[in-house]
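Report on the structure
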Amino acid sequence: QSVVEVTGELQQINPVIGNAQVTVPAAMSLLRTLMPDASLEGEIAARVDFEADRSGRRATLVADASAVRATGVGPWDGRVAAHLDGDVLRLDDFDLQAYGGSIRGDGVVALDGAASSLRASLRGVDVASVLTAHSGLTVRVASRADADPTLGMSQWDPRTLTTEGTVTFRPLPGPALP
């Protein structure tokens, strides 16, 4: 069972003028209801503030995640802050902890399919944890990774995905490959 709290005021219907605040407490049941076939674990809480007036519509979103796993990958902890600007979702900041390190960044997601881009900074990510999570194999790698990638995509077509940036591996002491 999920409880979604909605407050606000509707001043006019056509065109829509008003504001609303939507709060979703920490629970996965709402996401499981919307995506019943998805393999999700953990907790996500969110708050969305929406405002519409004669100059347009605006929305801001803040979501907090704790021990989230999607299709077995994770756990992810952190916060995402974004706002809607026309047909563009601007990721003002995301700050996630996963695989023993941190992932921070920002970017724009074009909801109309135009070009999207994401800048990220990964620090101290455990390479063995990433490889194990995505391959299902136990690997003997003793290394941490730092990376500064920029990702781009257009028309929501994965074939247009581009990535550029740098990755640095820092070997750790231990009985494994660096």
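Shown above is the structure to which this text applies.
These lines cover the structure that appears in this document, whether it is placed above or below.

Thresholds applied
- Residues numbered from 1 in each chain as written.
- Predicted model: local features only at pLDDT ≥ 70, side-chain atom pairs only at ≥ 80, totals over all residues.
- Heavy atoms only, no water.
- Phe/Tyr/Trp six-rings, centres within 6.5 Å; stacked < 30°, edge-to-face > 60°.
- Helix = DSSP H or I, 4+ residues; strand = E, 2+ residues; numbered from the N terminus.
- Buried < 20%, exposed > 50% of the residue type's maximum accessible area, 1.4 Å probe, protein only.
- Patch = residues over 30% accessible without salt bridge, like charges linked within 9 Å, V, L, I, M, F, W, Y side chains within 5 Å.
- Areas by Shrake-Rupley, 256 points an atom, 1.4 Å probe, with all protein chains shown as cover.
- Salt bridge = Lys/Arg side-chain N within 4 Å of Asp/Glu carboxyl O.

Attention now goes to the packing of aromatic side chains. In total, this model carries 1 aromatic pair according to the counting rule given. Look at Trp76 and Tyr99: their rings are 5.6 Å apart centre to centre, the planes differ by 80 degrees, and that puts the pair in the edge-to-face class. Of the two residues, Trp76 is situated in strand E5 (residues 73–85) and Tyr99 in the loop between strand E6 (88–98) and strand E7 (101–110); the sequence distance between them amounts to 23 residues. By relative accessible area, Tyr99 is classed as buried at 11%.

This part takes up a nonpolar patch on the surface. The grouping of Leu10, Ile13 and Val16 at the surface amounts to a nonpolar patch, some 320 Å² of accessible area in total. The residue Leu10 is located in strand E1 (residues 5–12) in this model. With relative accessibility at 57%, the residue Leu10 sits in the exposed group.

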